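# A structural walkthrough
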Amino acid sequence: GENVEQHPSTLSVQEGDSAVIKCTYSDSASNYFPWYKQELGKRPQLIIDIRSNVGEKKDQRIAVTLNKTAKHFSLHITETQPEDSAVYFCAARSGNNDMRFGAGTRLTVKP
Amino acid sequence: EPEVTQTPSHQVTQMGQEVILRCVPISNHLYFYWYRQILGQKVEFLVSFYNNEISEKSEIFDDQFSVERPDGSNFTLKIRSTKLEDSAMYFCASSEPLRGETQYFGPGTRLLVL
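Residues numbered from 1 in each chain as written. Chains lettered and ligands numbered in written order. Predicted model: local features only at pLDDT ≥ 70, side-chain atom pairs only at ≥ 80, totals over all residues. Heavy atoms only, no water.

Counting 23 residues, the largest nonpolar core has Trp35(A), Phe73(A), Leu75(A) and Leu107(A) as the members making the most contacts within it. Mapped by element, the contributors of at least two residues to this core are β2 (10-14), β3 (19-25), β4 (32-38), β5 (45-51), β7 (62-67), β8 (72-77), β9 (86-93) and β11 (105-110) of chain A. If near-sequence neighbours (up to four positions away) are discounted, Leu75(A) is found in contact with Ala19(A), Val20(A), Ile21(A), Trp35(A), Ile47(A), Ile48(A), Ile62(A), Ala63(A) and Tyr88(A). Counting residues in hydrophobic clusters, the runner-up holds 22 residues, among them Leu21(B), Trp34(B), Phe61(B) and Phe75(B). (Core = buried A, V, L, I, M, F, W, Y, C linked by side-chain atoms within 4.5 Å. Buried < 20%, exposed > 50% of the residue type's maximum accessible area, 1.4 Å probe, protein only. Helix = DSSP H or I, 4+ residues; strand = E, 2+ residues; numbered from the N terminus. Contact = heavy atoms within 4.5 Å.)

Structure, rendered in structure tokens:
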């Protein structure tokens, strides 16, 4: 089955700096890669996703890149703000319609 | 904007008891999912459900677990004989028929097994 690795586990940046979170996956049949933001005690919220036929996608301060050959994808947050502080999870959906999540990255943005 | 809802928000039960967690997916969604998140850990896939049957399940989803769509709106997860290690947040999710990938999560049920 699919195995998703996520790094780093914690990330601390100054407000205004960029943050990058990286994930790798194992199943070459995986075709959908969402990123979720989870604030303490709340549900995961989809922030951006990318499909395997696209290499990059951007939505305001958030961008995701996908390298199918290397089987890795990354989340980029620019001009970080304190409200970006949360746990971020990457995920990969295999052809079997199950979604496997990475272990999460706790992002702290210091004002 | 429509949302996935879940009840109860919290459930405390004794080890060995049966629990049923309830979810109401977004109304036009046809794919349904259950996930588990042990405190401080990652979200773990349990099961996906489509067309009134399980389409995929993980190694966690053993014989103690079952899912059901008893009517046109509810989607339930039953744990037959709870164990201490079943204590976790359980999230339901649903996705649209034509865009099966994008999953929307419910607020979760926090289950505590004593």
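Our focus in this paragraph is the packing of aromatic side chains. A complete count under the given rule lists 18 aromatic pairs over all chains for this structure. An angle of 10 degrees between the planes, with centres 4.5 Å apart, marks the rings of Tyr31(B) and Tyr50(B) as stacked. Taken together, the positions of Tyr31(B) in strand β4 (residues 31-37) and Tyr50(B) in strand β5 (residues 43-50) put the pair 19 residues apart, joining distant regions of the chain. We classify Tyr31(B) as buried; its relative accessible area is 19%. When the centroid spacing of 6.0 Å and the interplanar angle of 75 degrees are considered together, the rings of Phe91(B) and Phe105(B) count as edge-to-face. Here Phe91(B) is found in strand β9 (residues 88-95), whereas its partner Phe105(B) is found in strand β10 (residues 103-105), with 14 residues between them in sequence. Of the two residues examined, Phe91(B) and Phe105(B), each falls in the buried class. Ring pairing ties together the aromatic residues Tyr36(A), Phe89(A), Phe101(A), Tyr33(B), Tyr35(B), Phe45(B), Phe91(B) and Phe105(B), which thus form one cluster. (Phe/Tyr/Trp six-rings, centres within 6.5 Å; stacked < 30°, edge-to-face > 60°.)

Turning next to the pairing of strand β11 (residues 109-113) of chain B. Residues and elements named next belong to chain B. On β11, burial follows the alternation: Thr-109, Leu-111 and Val-113 on one face are buried, whereas Arg-110 and Leu-112 on the facing-out side are not. Across four bridges, the pairing between strand β2 (residues 10-13) and β11 is parallel. For Gln-11, the partnering residue across the bridge sits in β11 and is Leu-111. Across three bridges, the pairing between β9 and β11 is antiparallel. (Pairing = 2+ DSSP bridges.)

Over the atoms a probe the size of a water molecule is rolled, and this reveals where empty space is left. One number sums up the size of the largest pocket: a volume of about 380 Å³. The wall of the largest pocket is formed by 22 residues, among which Gln38(A), Arg106(A), Gln37(B), Gly40(B) and Gln41(B) lie closest to the centre. Put simply, the parts of the chain that give the lining of the largest pocket at least two residues each are β9 and β11 of chain A together with β9 of chain B. (1 Å grid on protein atoms, 1.4 Å probe; cavity = no way out; pocket = protein on both sides within 12 Å on 5 of 7 lines; lining within 4 Å. Points joined across faces, edges and corners; volume = space filled by probe spheres on them.)

Glancing now at the pattern of salt bridges. Residue and element names in this part refer to chain A. Tallied over the full model, the rule gives eight salt bridges over all chains. Put simply, Glu-39 and Lys-37 hold a salt bridge, and the shortest N to O gap is 3.7 Å. When its relative accessible area of 34% is taken as the criterion, Glu-39 is described as partly exposed. On the accessibility criterion, Lys-37 (17% relative accessible area) is buried. Asp-49 serves as the salt-bridge partner of Arg-51, at 3.9 Å between the closest nitrogen and oxygen. By relative accessible area, Arg-51 is classed as partly exposed at 22%. One continuous salt-bridge network, built from bridges that share partners, spans Lys-37, Glu-39 and Lys-42. (Salt bridge = Lys/Arg side-chain N within 4 Å of Asp/Glu carboxyl O.)

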